[in-house]
Amino acid sequence: MNLTDPLRVIKGIGEKTERDFNKMGLFTVEDIIRHYPRGYDVFEAPISITDLVEGKMISIEASVISIIQVKQVRNLKILTCRVKDSSGSLNISWFNMPFLKNKLRMGYHFIFRGKVVRKNGVLVIEQPGIYTREEYRIKMNVLQPVYALTFGITNHAISKAVKIALGELELSKDYLPKRIVKENKLVSYKNALEEIHFPKSPETMADARNRLVFDEFFGFTLALMTLKEKKTVWTNQFNMTDREDLTRFISELSFRLTNAQDKVWKEIKADLTGSHTMNRLIQGDVGSGKTILAALALLLTALNGYQGSLMVPTEVLAKQHYESLTGMFKAYGINTLLLVGSMTASEKKKAYEKVKTQEADIIIGTHALIQEKVEYNCLALAITDEQHRFGVRQRESLTGKGDHPHVLVMSATPIPRTLAIILYGDLDISVVDELPANRLPIKNCVVDTGYRPTAYRFIAKEVSAGRQAYVICPMVDESETIEAENVLEYTEKLKEAMPADIMVEYLHGKMKPKEKNDIMERFSKGEIQVLVSTTVVEVGVNVPNATVMMIENSERFGLAQLHQLRGRVGRGKHQSYCILVSGSGSRETKERLEILNRSNDGFYIAGEDLKLRGPGDMFGIRQSGDMEFRIGDIYNDAGVLMKANEAAKGLTEQELSTILKENPPLAERINHFDMGTL
Ligand code: ADP
Ligand code: MG
């Protein structure tokens, strides 16, 4: 068996299962052994049904006492049955697993292991694993891998396939040079893979993880180095000078630039009018006012007779930037243009024409900006906002559009400077380390779910005072589809709880771009007062009139992401509030959320988050979505990142070529490197 073989070479994976695996993005043997567990489970002795506690993973030993019911809810097939033990009975349900119907016969006896949740006021177990007493005994008190699942593939199916693959692959020769393995005190690659999937102990698992994190960062550095080799510092070939109009523009803003904005603007201006092409990252906390810096750079470019572009990750954000920049630039005779994927073919064609003839000076849009058909007349500045949402390659392709334009990328991810230098390679870094002075600090509170009615009343009160609110919906693990269902359900409940004249709408990732835009636009205009949403609102959106951010299941987010979400409020002159609803009353949760309560400083929060997240919950909390790695975490594993970076940079030619020869899939990935896919 080879790493690059298709999955069907693994015994037990037939055509249909292979297709399901493919849907999860797993195609080769290597893909599946690199599908690392999300966490581990320890199977404890079953407990009585009467002892169940909401929110906990538990096992019960019980008999099936009802016929299996199958219900179709939208595109979900929900299977339900009732079970009992000597203490009591309850309902159990599964999503999209119709095949269980044959297994769960009336009177049969199993151990069910799953999470206890409250549905319509009663406790149920959702999506539990099913075991015979013997199967369960073998697993007891051993760390069991828990995998990310979708498309009806069970955890068992994955662990079985991984086990077979690991047994048959010839991995005893480590692809890393012995020297590096030794210097960095790494376990072997083979051992790491075995222990990450089937750990003998928490200690061996930690060693395994350390090795795999090292490998991931090592590969990442190699990929960045390869990208950089193809790149050189270019002489600035755009003739730009400072303009009177710019001074006027700044003096006519409704606010004064903060000292930090002023400092960064001077750095950008020096680049644009200097001798070399700009390659700069602007880092600044949410709400620090990065957009205006982009606006200034674009204006200077356009006033000098060149084109500038601004690329953002979502259409919602593109529209918003487009509207605000159009307003700002009108008085200066600068033409703006919006270019997004949801435009019709003929709209796009017209837009391309305007880009080509320079009828448009400033082009704002999504990935659509880097489509092959877009031909710029004289692109001198390419800006990427919320850059962590893009891959390196996407960033590069925008750069490749003009004749080596200046490049500016903006990010709110609080990364320590030492790490930023590694992660962003060749970029110069500017930091906007100050918030506008007129802001009232956001008031925070951490509450349990029992507080919901009070929170809803509070939101209603804010709405009647003319304000707006976001409610981030409870999180669901299983899939985006279920997440969408969940938003719908929650919105219905919220509508019932709110006074009838309050407009409540929802937003989730599965909606069409046009629907999303429409909802965001109506929210921006104040036609919608309460927006129920998944985390899709997280990046960049600016509705200064919104003053309440209520986050359900806040314990399940990383602090950095909570901080981003909270950054959607407190952007205007009104007092804003963040209500963190926690489904868990544990001390750790309280301690973590308390950090947000205490501080509004993204750097501080990231640092504290790091201190609190011990090695035990390294997979536990969903990552923030920024700089996402398969297994490494740039905050927790900063030390490993440094080491891996040094190791990669210190390779001899000979060593590098051996590595690439020994690990062809890695070589392939390095060649087609894009952030997040390594
Ligand atoms: P971010 O850095 O998160 O992208 P934005 O650029 O969207 O932040 O700015 C957030 C809000 O702050 C906007 O409404 C913007 O108009 C306002 N703003 C920006 N700079 C200042 C300033 N110096 N003083 C007051 N308000 C500002
Ligand atoms: Mg922004």
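Calculation notes
Residues numbered from 1 in each chain as written. Chains lettered and ligands numbered in written order. Predicted model: local features only at pLDDT ≥ 70, side-chain atom pairs only at ≥ 80, totals over all residues. Heavy atoms only, no water. Near = heavy atom within 4 Å. Polar contact = N/O pair within 3.5 Å; in protein donor to acceptor, adjacent residues only side chain to side chain. 1 Å grid on protein atoms, 1.4 Å probe; cavity = no way out; pocket = protein on both sides within 12 Å on 5 of 7 lines; lining within 4 Å. Sits in = over half its atoms within 2 Å of the grid points. Nonpolar A, V, L, I, M, F, W, Y, C, P; charged D, E, K, R; others polar. Core = buried A, V, L, I, M, F, W, Y, C linked by side-chain atoms within 4.5 Å. Buried < 20%, exposed > 50% of the residue type's maximum accessible area, 1.4 Å probe, protein only. Helix = DSSP H or I, 4+ residues; strand = E, 2+ residues; numbered from the N terminus. Domains from an automatic or database assignment. Contact = heavy atoms within 4.5 Å. Pairing = 2+ DSSP bridges. Axes fitted to C-alpha atoms, helices over the stretch in contact; angles between N-to-C directions. Salt bridge = Lys/Arg side-chain N within 4 Å of Asp/Glu carboxyl O. Points joined across faces, edges and corners; volume = space filled by probe spheres on them. Buried area = accessible area lost by both parts, 1.4 Å probe. Parallel < 35°, antiparallel > 145°, perpendicular 65-115°, else oblique. Left-handed = near helix turned anticlockwise from the far one by under 90°.

Topic: the site of ligand 1
And step 1. Close to ligand 1 lie 17 residues; Arg256, Gly287, Thr291, Arg439 and Arg571 are nearest.
And step 2. In this structure, Thr291 approaches ligand 1 through a side-chain N or O atom, which is 2.7 Å from an oxygen atom.
And step 3. Comparing atom positions with the cavity grids shows ligand 1 to sit within the second largest pocket.
And step 4. For the shell around ligand 1, a count of residues per class yields four nonpolar, eight polar and five charged.

Examining the nonpolar core
And step 1. Ranked by size, the top nonpolar core spans 69 residues in total, and within it Phe21, Ile32, Leu176, Phe214, Phe218 and Leu423 carry the most contacts.
And step 2. It is helix 7 (residues 202-229) that contributes the most residues to this core, eleven residues altogether.
And step 3. Residues lining this core come from more than one domain, with at least three contributed by each of domain 1 (1-38 + 148-166) and domain 3 (244-432).
And step 4. When residues no more than four places from it in sequence are discounted, the contact partners of Phe21 are Leu7, Ile13, Leu26, Ile32, Ile153, Ala157 and Ile158.
And step 5. If you look at the next biggest cluster of nonpolar residues, it comprises 59 residues, including Leu253, Ala260, Met311 and Val355.

Focus on the environment of Leu660
And step 1. For Leu660, the location among the structural elements is in helix 22 (residues 653-662).
And step 2. Among the residues examined, Leu660 registers a relative accessible area of 29% and is labelled partly exposed.
And step 3. Sequence-distant contacts of Leu660, that is, excluding residues within four places in its chain, are made with Ala667 and Ile670.

Description of the sheet that holds strand 19 (residues 530-533)
And step 1. Ordered in space as 16-21-20-17-19-18, the six strands form an open sheet in which the pairing is parallel. Two strands close off the open sheet at either side, each with one partner strand: strand 16 (443-448) and strand 18 (504-507). Averaged over all pairs of adjacent strands, the angle between their axes in this sheet comes to 20 degrees, without regard to strand direction.
And step 2. With four bridges connecting them, strand 18 and strand 19 associate as parallel partners. Residue Tyr506 lies in a different strand from strand 19, and its bridge partner there is Val532.
And step 3. Contacts from helix 15 (residues 452-464) reach strand 16, strand 17 (468-472), strand 19, strand 20 (546-551) and strand 21 (577-582) within the one sheet, and its direction differs from that of strand 20 by about 165 degrees.

Details of the pattern of salt bridges
And step 1. Going through the model one piece at a time under the given rule, you end up with 28 salt bridges.
And step 2. As a salt-bridge pair, Lys23 and Asp20 come within 3.7 Å of each other at their nearest N and O atoms. Taken together, the positions of Lys23 and Asp20, both in helix 1 (residues 15-23) and three residues apart, correspond to about one turn of that helix.
And step 3. Exposure remark for Lys23: the relative accessible area of 51% places this residue in the exposed category.
And step 4. Between Arg452 and Glu552 there is a salt bridge, and its shortest N-O distance comes to 2.8 Å. Of this pair, Arg452 sits in helix 15 while Glu552 sits in the loop between strand 20 and helix 18 (559-566), placing them 100 residues apart in sequence.
And step 5. Residue class for Arg452 comes out partly exposed when judged on its relative accessible area of 28%.
And step 6. With relative accessibility at 1%, the residue Glu552 sits in the buried group.
And step 7. It is possible to trace a salt-bridge network through shared partners that takes in Lys16, Asp20 and Lys23.

Quick word on empty space enclosed by the protein
And step 1. This structure, assessed with the given rule, holds three cavities of 30 Å³ or more.
And step 2. Of the volumes computed, that of the second largest cavity is approximately 130 Å³.
And step 3. For the second largest cavity, the lining is made up of 14 residues, of which Arg34, Tyr175, Asp215, Glu216 and Arg669 are closest to its centre.
And step 4. Among the secondary structure elements, those contributing two or more residues to the lining of the second largest cavity are helix 7 and helix 23 (664-671).
And step 5. At three residues, helix 7 tops the list of elements feeding residues into the lining of the second largest cavity.
And step 6. Looking at the lining of the second largest cavity, its residues break down into seven nonpolar, one polar and six charged.

Observations concerning the environment of Leu253
And step 1. Within the element layout of this structure, Leu253 appears in the loop between helix 8 (244-251) and helix 9 (259-272).
And step 2. When its relative accessible area of 15% is taken as the criterion, Leu253 is described as buried.
And step 3. A C-alpha to C-alpha distance of 8.9 Å links Leu253 and Met328, two positions 75 residues apart in sequence.

Focus: the domain arrangement of the protein
And step 1. Structurally, the protein comprises domain 1 (1-38 + 148-166), domain 2 (44-140), domain 3 (244-432) and domain 4 (443-599).
And step 2. One C-alpha centre belongs to domain 3, the other to domain 4, and the line joining them spans 29 Å.
And step 3. With 15 residues of domain 3 at the contact, the number on the domain 4 side is 15 residues.
And step 4. Of the roughly 1,300 Å² buried at the junction of domain 3 and domain 4 (both faces included), carbon and sulfur atoms supply 55%.

Quick word on the layout of surface pockets
And step 1. Taken as a whole, the second largest pocket encloses approximately 1,200 Å³ of empty space.
And step 2. With seven residues, the top contributor of residues to the lining of the second largest pocket is helix 11 (residues 315-329).
And step 3. Here the residues of the lining of the second largest pocket sort into 14 nonpolar, 16 polar and 13 charged.
And step 4. Shared between two domains, the lining of the second largest pocket holds at least three residues of each, these being domain 3 (244-432) and domain 4 (443-599).

Points about the packing of helix 10 (residues 291-303) against helix 11
And step 1. Relative to each other, helix 10 and helix 11 sit at 50 degrees, their axes nearing to 11 Å. The angle between the axes of helix 10 and helix 11 places the two elements in the oblique class. Crossing of helix 10 over helix 11 shows right-handed handedness. Here helix 10 contributes Thr291, Ile292, Ala295, Leu298 and Leu299 to the contact with helix 11, which in turn contributes His321, Leu325, Met328 and Phe329.
And step 2. When the residues that make up the contact of helix 10 with helix 11 are grouped by side-chain class, the tally is seven nonpolar, two polar and no charged.

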